[in-house]
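What follows is each chain in one-letter form.
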Amino acid sequence: MSTSDSYILQDASPESSNDQDEVDSLPSSIDSSDLDSEEGSSDAQREWEESLQQLELVLTMVIVPYIGKYAGRRFAYWGWAKYMEWMYPVEVKFTNKTTFKAAGAVEAAATL
């Protein structure tokens, strides 16, 4: 056996080619039960896409603006405190942080 003989592929036996022909010739008709399952999955897919669209609307119309407004107010208070400490010899201190956070959340939600 030479090295060139080891790279030659042997032809498939006639029996294996018949098996391949049988697989290729399977019926391609669709049963009514297949149609029902596809219709059910398309309904589920449509409902899933509608749910995602509703979630996207809630995020873009309510949650993102609220968070942006709250974060903007927090940044404004922080920036104001830094400016006052830099410009004038004062120390800005928030005595009750939970009340400050709650008031910021209420103010942010007031005009939405």
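The coordinates are above.
As the structure is a prediction and not an experimental result, all values here were calculated from the model. (Residues numbered from 1 in each chain as written. Predicted model: local features only at pLDDT ≥ 70, side-chain atom pairs only at ≥ 80, totals over all residues. Heavy atoms only, no water.)

Caption draft 1: Looking closely at the overall build of the chain. A tally of regular secondary structure across the chain gives 4 helices and 0 strands. Out of the 112 residues in the chain, the part that is buried amounts to 3%. Counting every atom, the chain has about 10000 Å² of accessible surface; 59% of that belongs to carbon and sulfur. (Helix = DSSP H or I, 4+ residues; strand = E, 2+ residues; numbered from the N terminus. Buried < 20%, exposed > 50% of the residue type's maximum accessible area, 1.4 Å probe, protein only. Areas by Shrake-Rupley, 256 points an atom, 1.4 Å probe, with all protein chains shown as cover.)

Caption draft 2: How the structure looks around the pattern of salt bridges. All told, the structure shown has 1 salt bridge when counted by the stated rule. Across the salt bridge formed by Arg46 and Asp43, the nearest N and O atoms sit 2.5 Å from each other. Of this pair, Arg46 and Asp43 are both found in helix H3 (residues 32-87), 3 residues apart, which corresponds to roughly one turn of the helix. Overall, the relative accessible area of 45% leaves Arg46 in the partly exposed class. On the accessibility criterion, Asp43 (30% relative accessible area) is partly exposed. (Salt bridge = Lys/Arg side-chain N within 4 Å of Asp/Glu carboxyl O.)

Structural measurements only, silent on function.
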